[in-house]
Amino acid sequence: MTLTATAAAPGPLPSADLPLWLVTMPTTGPAGARGEQTFAVRATSHSAALAQAATTAFAHPAFRHRRGAHIDTAAAHATLHR
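Worth saying up front: this structure is predicted, and the values here are computed from it rather than measured. (Residues numbered from 1 in each chain as written. Predicted model: local features only at pLDDT ≥ 70, side-chain atom pairs only at ≥ 80, totals over all residues. Heavy atoms only, no water.)

1. Notes on the overall build of the chain
- Of regular secondary structure, the chain possesses two helices and four strands.
- Listing each helix as α and each strand as β along the chain from the N terminus yields β-β-α-α-β-β.
- Among the 82 residues that make up the chain, the fraction classed as buried is 26%.
- Total accessible area on the chain stands at roughly 6000 Å², and carbon and sulfur atoms take up 59% of it. (Helix = DSSP H or I, 4+ residues; strand = E, 2+ residues; numbered from the N terminus. Buried < 20%, exposed > 50% of the residue type's maximum accessible area, 1.4 Å probe, protein only. Areas by Shrake-Rupley, 256 points an atom, 1.4 Å probe, with all protein chains shown as cover.)

Spelled out as structure tokens, the structure:
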């Protein structure tokens, strides 16, 4: 009996191997106070990091953390963390 090896098809990278991005978005509180909220996300590209952070920004824990302040995802900026 002869055994042959087959190569596994490459799959997506584990999230720990993806680049780490810091995505910062401006916020405005109910009384007009301005601030910002930063999200650390692992993503393959700048645009993917912005999209992932925008999704996270509207999740209940992030909304609760900023105490209901409005967040401006369109004005977000992402920096590759080194």
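Next comes the rest of the account.
2. Examining the nonpolar core
- Within the largest apolar cluster, 14 residues are counted, with the highest numbers of intra-cluster contacts made by W21, V23, M25, F39, V41, A49 and A53.
- Contributing elements (two or more residues each) for this core: β1 (20–28), β2 (34–42) and α1 (46–57).
- Counting residues per element, this core draws most heavily on α1, which supplies four residues.
- In contact with M25, not counting residues within four places along its chain, are G35, E36, Q37, F39, A53, A54, A57, I71, D72, T73 and A76. (Core = buried A, V, L, I, M, F, W, Y, C linked by side-chain atoms within 4.5 Å. Contact = heavy atoms within 4.5 Å.)

3. Some remarks on the pairing of β2
- Where β1 and β2 come together, nine bridges link them in antiparallel fashion. In the strand pairing of β2, T27 is matched with G35.
- Linkage of β1 to β2, two consecutive antiparallel strands, is achieved through a turn of five residues, within which G32 is found at a positive phi near 95°. (Pairing = 2+ DSSP bridges.)

4. Section: unusual backbone geometry
- One non-glycine residue, R67, lies in positive phi territory at about 55°.
- Take R67: it is sitting in the loop between α2 (60–65) and β3 (70–71).
- Given the relative accessible area of 74%, R67 is considered exposed.

5. Examining the environment of D72
- Locating D72 in the fold gives a position in the loop between β3 and β4 (77–80).
- Along the backbone, D72 and T28 are 44 residues apart, and their C-alpha atoms lie at a distance of 8.3 Å.
- In terms of polar contacts, D72 uses its side chain to reach the backbone amide nitrogen of A74, at 3.2 Å. (Polar contact = N/O pair within 3.5 Å; in protein donor to acceptor, adjacent residues only side chain to side chain.)

6. Describing α1
- Taking 1.5 Å of rise per residue, the 12 residues of α1 would be expected to cover 16 Å, and the 16 Å separating its terminal C-alpha atoms lies within 8% of that figure.
- Contacts from the buried residues of α1 go to β1, β2, α2 and β3. (Expected span 1.5 Å × (residues − 1).)

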